[in-house]
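As a plain string of letters, each chain reads:
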Amino acid sequence: MRGYRRGSLIFALIAGAAVLAAEPLIHKTFSHAQAQSSTPATSGPVGRESGLPVPRFVSIKADKVNVRSGPTRDHGVAWVFTRAGLPVEITAEFETWRRIRDSDGAEGWVYHSMLSSRRTALVGPWLKDGPTSLYGSRDAKSRVAAQVEPGVLGQVSDCDGTWCRFYGAGFEGFIEQVKLWGVYPGEKID
């Protein structure tokens, strides 16, 4: 798997189900969040602990981040992220813990200080037709600035709801927002 390894999936599923049954938590599936293209993450419910929108995208802060099966250190480690900067979606909050979902749809709990508000994204892992073009401006008819493969990690800024500035080591340009995992369709980022 890209950037992380998974531990005991069965244990994580059983423990995760127990936590979900015990507490009513805000939960939206990725496909539902993607379908809400006219409703960016800034409108809707907010987390009781942070006051920030839920769901919302953030990134992994460190090169080693434990993802637990529940919102305490007593819960087992389900898997470990091994790459800083990966985008994750916060789907719920419980005290100082955040339930996150990765680009594969796996969910678990991370201590809040292991997450960063720095916005990153992956070029759509679902894009199977080869490289995606980055353009010199917010127009598919403008010059192609770079080609990036599905799964490439970069930073995002200046999203207008349709296009985002996407950049990383050796590439920079504009990409259609719907081709990124880490930004909601229609979301605006300054």
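Coordinates for the structure precede this section.
Residues numbered from 1 in each chain as written. Predicted model: local features only at pLDDT ≥ 70, side-chain atom pairs only at ≥ 80, totals over all residues. Heavy atoms only, no water.

Draft legend 1. Structural context of the pattern of salt bridges. Inspection of the entire model under this criterion finds ten salt bridges. For Glu93, the salt bridge goes to Arg56, with nearest N and O atoms at 3.1 Å. Residue Glu93 is located in strand E5 (residues 87-94), and its partner Arg56 is located in strand E2 (residues 56-60); the two are separated by 37 residues in the primary sequence. Taking the relative accessible area as the measure of exposure, Glu93 reaches 8% and is therefore buried. Between Glu107 and Arg99 there is a salt bridge, and its shortest N-O distance comes to 3.6 Å. Judged by its relative accessible area of 31%, Glu107 is partly exposed. For Arg99, a relative accessible area of 4% corresponds to the buried category. (Salt bridge = Lys/Arg side-chain N within 4 Å of Asp/Glu carboxyl O. Helix = DSSP H or I, 4+ residues; strand = E, 2+ residues; numbered from the N terminus. Buried < 20%, exposed > 50% of the residue type's maximum accessible area, 1.4 Å probe, protein only.)

Draft legend 2. Expanded view of unusual backbone geometry. Cis geometry is found at the peptide bond from Val54 to Pro55, where omega equals 5°. If you trace the backbone, Pro55 turns up in the loop between helix H2 (30-35) and E2. Even without being a glycine, Glu95 presents a positive backbone phi close to 50°. With respect to the helices and strands, the residue Glu95 is situated in the loop between E5 and strand E6 (97-101). One non-glycine residue, Asp158, lies in the positive phi region at around 50°.

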